[in-house]
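# Structure assessment
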Amino acid sequence: MKVLKFGGTSVGSAKNIQQVASILSDYQQSGQRVAVVVSAMSGITNKLIEVGNRAASGDETYKSLLKDIEATHLTAIRELIEVRRQSKTIAFVKLLLNDLEDILRGIFLLRELSLRSLDILQSFGERLSSFIIAEYLSQEGVPAAQLDARAVVRTNSVFGGAKVDFVTTNSAITKYFAENDKMQIITGFVASSESGETTTLGRGGSDYSAAIFGAALNAKEIEIWTDVDGVMTTDPRVVPTAFSLQQLSYEEAMEMSHFGAKVIYPPTLQPAIKKNIALRIRNTFNPSFPGTLVTAKSGQEDWPVKGISSIKEISLITLSGSGLIGVPGVSSRLFGALARGGVSMILITQASSEHSITFAVAPSDAVKGKKIIEEEFFNEMASGKVNPVEVEGNLSILAIIGENMKERPGVAAKLFSALGKNGVSISAIAQGSSELNVSVVIEQKHLYKSLNALHEIFFLSDMAELNVFMLGLGLIGNTLLNQMKDQAEYLLTERNLRLNIVGAANSKKMIFNETGLDISLSKEEILAEGEASNAELFVEKMIEMNLPNSVFVDCTPGESAVKLYENILLNSISITTPNKIANSGTLEYYLKCQAAAKRRGVKFLYETNVGAGLPVIGPLQDLRRSGDKIIKIEGILSGTLSYLFNTFAAGMKFSELVKQAKEMGYTEPDPRDDLGGVDVARKILILAREAGYHLEPSDVVVEPILPQACLDAASVDDFFVELEKANDLFEKQRAEAEAEGKALRIVATLDEEGKAVVSLQAVGSTHPFYGLVGSDNMVVFTSRRYFSEPLVIRGPGAGAEVTAAGVFAEIITIGNFLIN
Ligand SMILES: NC(=O)c1ccc[n+]([C@@H]2O[C@H](COP(=O)([O-])OP(=O)(O)OC[C@H]3O[C@@H](n4cnc5c(N)ncnc54)[C@H](O)[C@@H]3O)[C@@H](O)[C@H]2O)c1
Ligand SMILES: N[C@@H](CCO)C(=O)O
Ligand code: NA
């Protein structure tokens, strides 16, 4: 024997009842005996309470509400029952409804609605639904009969939540089922007292009925049929990747339901749990889903965490002071007073110093709770032994639940590290020694992000998702986008990493999509539906979205986004950028960004600031971290200048070469940044800072390379006009160097005194800089360890592909950091 229970939604309309009937018909055909407990049609119980309240307050509109209740049932009958059988069914229902009307008239005349009358009123919901379902089943060839549970379930006379007399009830049920072999469609929730009065079983009543029948009948299993696919790992409305659990234990189910997973309410299932009867949560609207099995065992041993639950709104109350230390009875007084005042505590923590006790309550209890404590500890507060009560609001509780975390190290560490990396600070922690649940209190605004991050860490270990915000879709940004497009499939299948571009913008338009933009489109198509953009708006929106595992990628030139880095980092969003401005602006801002990243434990990466994709900054940081001391840095740090002077030969026009370099993607958006030495100055400044020298931009000496007129030109086009006039000058310098067997190079140096200089030098044929080709950069580190033979890094130091690839690599680095 199995007991099946169908909730209100499952029997909420003719169509749904047909669905239920088809499930029951399958059972009948399989020859398996089932007893079926049903709820009232959805919404009916509330309407019955409302109609009673209206009648009791003398509100005549109770009559129209009654008509409404009647119509719901009659409509269902007309849709379900064949015309020739309708009159019998309707006649029965009309009789019931007439009774209901009489009772309501009584309530209306007496202006009184007792708990006893309320129980009678409510019983009509299940009495009507069970009758209609039984009739429909019989018509469809499934021999079925209504069982009004008042005939067998005996309770005391506490109306509104009566206590079951199990001895009488169990024998009545077994007797009844021994004598009736049709499929019984049982009214959930209702029962009767010894004197035959109608009673109800309180909250979760139909589940309770199912448990009572299941226990009495020694059922093999109780199936709770609802409208979702069983118990899920977490709330699917908050975490779209939530999925259904195969199995969990009674205790786990209890913990989950306590924290708001509303599928079952285990306290009502106690009679069945006591007898170790398996529960299975199934979906009426998806019968092929095999259900979530709930038994004494947790199952799925390799899952330390089975679910993540939360309570969205709570307040924390803290009682503290020296008067609490080592004084027995303080907590008893505290909890006693709160209990007397009807304030329920959701979570409690006390550190072993005993200096403070913190507990969580529903926000609606916060003010009351504070007042109760102030009264209870009035004397201690007056004498200063106890501090004023602290109340904090806008908080949430989040809990990981699972029996298998018992004695398994590292589970809590995972919880805390995931929250930490996402910039979520924890206000309070509680874990019972049963190790079934670790609860943390966090700011409410981080709940969404936290649930998603934790779900990923605990349930999608083979799949991680990185949320990428891309500002700037010019040469570098667009190249990066294309690289990500090409690589997306590989990352997903081979590295289990999904790159979600959740925001993208250029200087005109920006667009956001929490589930990820379609990057198979061109950037124009991606931005087509976008709104007006600027860096501030973009960052504001990004922070507001507060997504887990977020990365900000700044591929803009200039300062507008750079100003926002500190705030971005302080909001726990990691950054990778080829933009050099933040690190080569004021020392104060450079240090601020470094500090913000450190403080929040997020990444601020900018390897492409020097040498584009070449590893320069990383190795330099490694040298310093491992205790080496940098003595000297020499470098060809401009891809553009390298290209120009490597290619410049007799008969060429210098200005034409600059145009080529621009076309090849080597130059800055304004090539004067390269030719004027500004770009190289920025790079040597960044290297100097990474080497430990606190330099300001003005400390870098740049020997002039370009004539003043070029620098003064109003636009990039005007600049090229001026540059043409300087062609002869460059040719003269080149020819002079060539005559001496030398080549021109713009060299940046940092010496041991921390002096940084950028200058045009003619280097001889034995010098390492002499033989460079193309856009090659070369950086030479002389350090204590690399002393007689310096460390040399050489390779293409500019260009869209190599730069974008460097940024891409950093995105993956950040992903690995966040997700593991
Ligand atoms: N070219 C290289 O080899 C190289 C190497 C290393 C670093 N970089 C750096 O890469 C960055 C990007 O260079 P690029 O050549 O792609 O520039 P670009 O001019 O081609 O593109 C810049 C993009 O940023 C957008 N933008 C500018 N200001 C914006 C704002 N305030 N808000 C939103 N979007 C804005 C523009 O619309 C455009 O989409 C620069 O900081 C540059 O120094 C380039
Ligand atoms: N414009 C830069 C790009 C690389 O930072 C260069 O030419 O080196
Ligand atoms: Na680099």
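Computed from a predicted structure; not experimentally measured. (Residues numbered from 1 in each chain as written. Chains lettered and ligands numbered in written order. Predicted model: local features only at pLDDT ≥ 70, side-chain atom pairs only at ≥ 80, totals over all residues. Heavy atoms only, no water.)

## Details of the overall build of the chain
When you go through the chain residue by residue, the secondary structure sums to 29 helices and 30 strands. Along the first, second and third principal axes, the C-alpha atoms of the chain reach 120 × 75 × 50 Å. Across the 820 residues in the chain, those meeting the buried criterion constitute 54%. Looking at the chain alone, contacts between residues at least 24 apart form 72% of all its contacts between residues at least 6 apart. Split by element, the accessible area of the chain, about 34900 Å² in all, is 51% carbon and sulfur. For the chain, the distance from the average site of its 79 positive side-chain charges to the average site of its 97 negative ones is 6 Å. (Helix = DSSP H or I, 4+ residues; strand = E, 2+ residues; numbered from the N terminus. Buried < 20%, exposed > 50% of the residue type's maximum accessible area, 1.4 Å probe, protein only. Contact = heavy atoms within 4.5 Å. Areas by Shrake-Rupley, 256 points an atom, 1.4 Å probe, with all protein chains shown as cover. Lys, Arg positive; Asp, Glu negative; His and termini not counted. Charge placed at Lys NZ, Arg CZ, Asp CG, Glu CD.)

## What about the site of ligand 2?
What surrounds ligand 2 is a group of 13 residues, the closest being Gly639, Thr640, Tyr666, Glu668 and Asp674. The contact in question runs from an oxygen atom of ligand 2 to an N or O atom on the side chain of Lys580, over 3.1 Å. A distance of 2.7 Å is found between an oxygen atom of ligand 2 and a backbone nitrogen or oxygen belonging to Gly639. Compared with its free state, where it exposes 260 Å², ligand 2 has 94% of that area covered by protein. Listing elements by their share of the shell around ligand 2, those giving two or more residues are helix 22 (639-647) and helix 25 (678-690). Split into classes, the residues belonging to the shell around ligand 2 amount to three nonpolar, five polar and five charged. (Near = heavy atom within 4 Å. Polar contact = N/O pair within 3.5 Å; in protein donor to acceptor, adjacent residues only side chain to side chain. Nonpolar A, V, L, I, M, F, W, Y, C, P; charged D, E, K, R; others polar.)

## With respect to the packing of aromatic side chains
A complete count under the given rule lists 19 aromatic pairs for this structure. Each ring, one from Phe645 and one from Phe654, has its centre 5.8 Å from the other, and the planes form 40°; the classification is tilted. Taken together through their ring pairs, the aromatic side chains of Phe469, Phe512, Phe538, Phe552, Tyr565, Phe604 and Tyr606 make up a single cluster. Sitting over the ring of Phe817, Lys421 keeps its end group 4.9 Å from the ring centre. Looking at Lys603, its charged tip hangs above the ring of Phe817, at a distance of 4.7 Å from the centre. (Phe/Tyr/Trp six-rings, centres within 6.5 Å; stacked < 30°, edge-to-face > 60°. Lys NZ or Arg CZ within 6 Å of the ring centre and 35° of its normal.)

## Topic: the sheet that holds strand 6 (residues 190-193)
If you trace the three strands from one edge of the open sheet to the other, you get 4-6-7, paired in mixed fashion. Single-partner strands in this sheet number two, and they are strand 4 (154-155) and strand 7 (198-200). The pairing of strand 4 with strand 6 spans two bridges and is classified as parallel. Bridge assignment links Thr155 to a residue of strand 6, and that residue is Ser193. With respect to the sheet, helix 5 (residues 115-139) is in contact with strand 6 and strand 7, its orientation differing from that of strand 7 by roughly 80°. (Pairing = 2+ DSSP bridges. Axes fitted to C-alpha atoms, helices over the stretch in contact; angles between N-to-C directions.)

## Thoughts on unusual backbone geometry
Phi angles above zero are rare outside glycine, and Asn276 is one such case at about 65°. For Asn276, the location among the structural elements is in the loop between helix 9 (270-274) and strand 10 (278-283).

## Topic: the site of ligand 1
What surrounds ligand 1 is a group of 24 residues, the closest being Ile476, Ser507, Ser560, Glu668 and Gly799. In this structure, Thr556 approaches ligand 1 through a main-chain N or O atom, which is 3.1 Å from an oxygen atom. In the model, a nitrogen atom of ligand 1 is placed 2.8 Å from a nitrogen or oxygen of the Ser560 side chain. Out of a free accessible area of 850 Å², ligand 1 has 84% covered by protein chains. Grouping the amino acids of the shell around ligand 1 by side-chain chemistry returns ten nonpolar, twelve polar and two charged.

## Details of the side chain of Asn777
Within the secondary structure, Asn777 sits in strand 29 (residues 776-783). In terms of polar contacts, Asn777 uses its side chain to reach the backbone carbonyl oxygen of Leu637, at 3.3 Å.

## Focus: the coordination of the sodium ion (ligand 3)
Around the sodium ion (ligand 3), the protein contributes the donor atoms Glu607 (O), Glu607 (OE), Val610 (O), Ala612 (O) and Leu614 (O), which lie 2.2 to 2.4 Å from the metal centre. Of note, the donors binding the sodium ion (ligand 3) are all from one chain and are spaced E-x2-V-x1-A-x1-L. (Donors = N, O, S within 2.8 Å, 3.2 Å for Na, K, Ca; no water.)

## Examining the sheet that holds strand 11 (residues 292-295)
Strand-to-strand pairing in sheets goes through backbone hydrogen bonds, with the strands running parallel or antiparallel. Across the sheet, eight strands lie side by side as 3-5-2-1-8-10-11-9; this open sheet has mixed pairing. Two strands lie at the open edges of the sheet, namely strand 3 (144-147) and strand 9 (247-249), each paired on one side alone. Pairs of neighbouring strands in the sheet enclose a mean axial angle of 20°, with direction left out of account. Sitting on the sheet, helix 1 (residues 14-30) touches strand 1 (2-6), strand 2 (34-38), strand 5 (183-187), strand 8 (221-226) and strand 10, and the angle it makes with strand 1 is about 175°.

## Considering the packing of helix 22 against helix 23 (residues 654-663)
Look at helix 22 against helix 23: their axes get within 10 Å of each other, and the N-to-C directions meet at 135°. One way to sum up the angle between helix 22 and helix 23 is to call them oblique. For the element pair helix 22 and helix 23, the recorded crossing hand is right-handed. Residues Thr640, Tyr643, Leu644, Phe645 and Thr647 of helix 22 form the contact with helix 23, whose own contacting residues are Phe654, Leu657, Val658, Gln660 and Ala661. Class assignment of the residues belonging to the contact of helix 22 with helix 23 gives a composition of seven nonpolar, three polar and no charged. (Parallel < 35°, antiparallel > 145°, perpendicular 65-115°, else oblique. Left-handed = near helix turned anticlockwise from the far one by under 90°.)

## Remarks on the domain arrangement of the chain
Domain boundaries in the chain define domain 1 (2-227), domain 2 (307-459), domain 3 (464-607) and domain 4 (617-798). Inter-centroid distance (C-alpha atoms) of domain 1 to domain 2 is 41 Å. (Domains from an automatic or database assignment.)

## With respect to the nonpolar core
One broad trend across soluble globular proteins is that nonpolar side chains are buried collectively. In terms of nonpolar packing, the biggest core is built from 84 residues, with Phe552 and Leu644 touching the most fellow members. When residues in this core are grouped by element, the largest group, seven residues, is from helix 25. Two domains each put at least three residues into this core: domain 3 (464-607) and domain 4 (617-798). Excluding residues within four positions of it along the chain, Phe552 makes contact with Phe469, Leu471, Phe538, Val539, Met542, Ala561, Tyr565, Ile568, Ile573, Ser574, Ile575 and Thr576. Of all hydrophobic cores here, the second largest spans 52 residues; its members include Val38, Ile44, Val93 and Met183. (Core = buried A, V, L, I, M, F, W, Y, C linked by side-chain atoms within 4.5 Å.)

## A short note on the environment of Leu319
Of note, Leu319 is situated in strand 12 (residues 307-320). Taking the relative accessible area as the measure of exposure, Leu319 reaches 0% and is therefore buried. Placed 15 residues apart in sequence, Leu319 and Leu334 show a C-alpha to C-alpha distance of 9.0 Å.

## Some thoughts on the pattern of salt bridges
Using the criterion set out here, one finds 39 salt bridges in the structure. Ionic pairing is found between Glu70 and Lys94, a salt bridge with its closest N-O pair at 2.8 Å. Pair noted here: Glu70 is in helix 3 (residues 62-80) and Lys94 is in helix 4 (residues 83-110), with a separation of 24 residues, a long-range link. The exposure class assigned to Glu70 is buried, which follows from its relative accessible area of 13%. Note on Lys94: relative accessible area 34%, which makes it partly exposed. When salt bridges with common partners are traced through the structure, they connect Lys2, Glu221, Glu223, Arg280 and Arg282 into a single cluster. (Salt bridge = Lys/Arg side-chain N within 4 Å of Asp/Glu carboxyl O.)

## A short note on the pairing of strand 13 (residues 347-350)
Along any regular strand the residues' side chains alternate between the sheet's two faces. The alternating pattern of strand 13 places Leu347 and Thr349 on a buried face and Ile348 and Gln350 on a face that is not buried. Both strand 13 and strand 14 (residues 356-361) contribute to a ladder of four bridges, which runs antiparallel. Counterpart to Ile348 in the pairing with strand 14 is Phe359. What sits between the antiparallel neighbours strand 13 and strand 14 is a turn of five residues, in which Glu354 has the positive phi angle 60°.

## Some points on helix 2 (residues 44-56)
An ideal rise of 1.5 Å per residue puts 18 Å on 13 residues; helix 2 measures up with 18 Å between its terminal C-alpha atoms. Once helix 2 ends, the next one or two residues include Gly58, with phi positive near 75°. (Expected span 1.5 Å × (residues − 1).)

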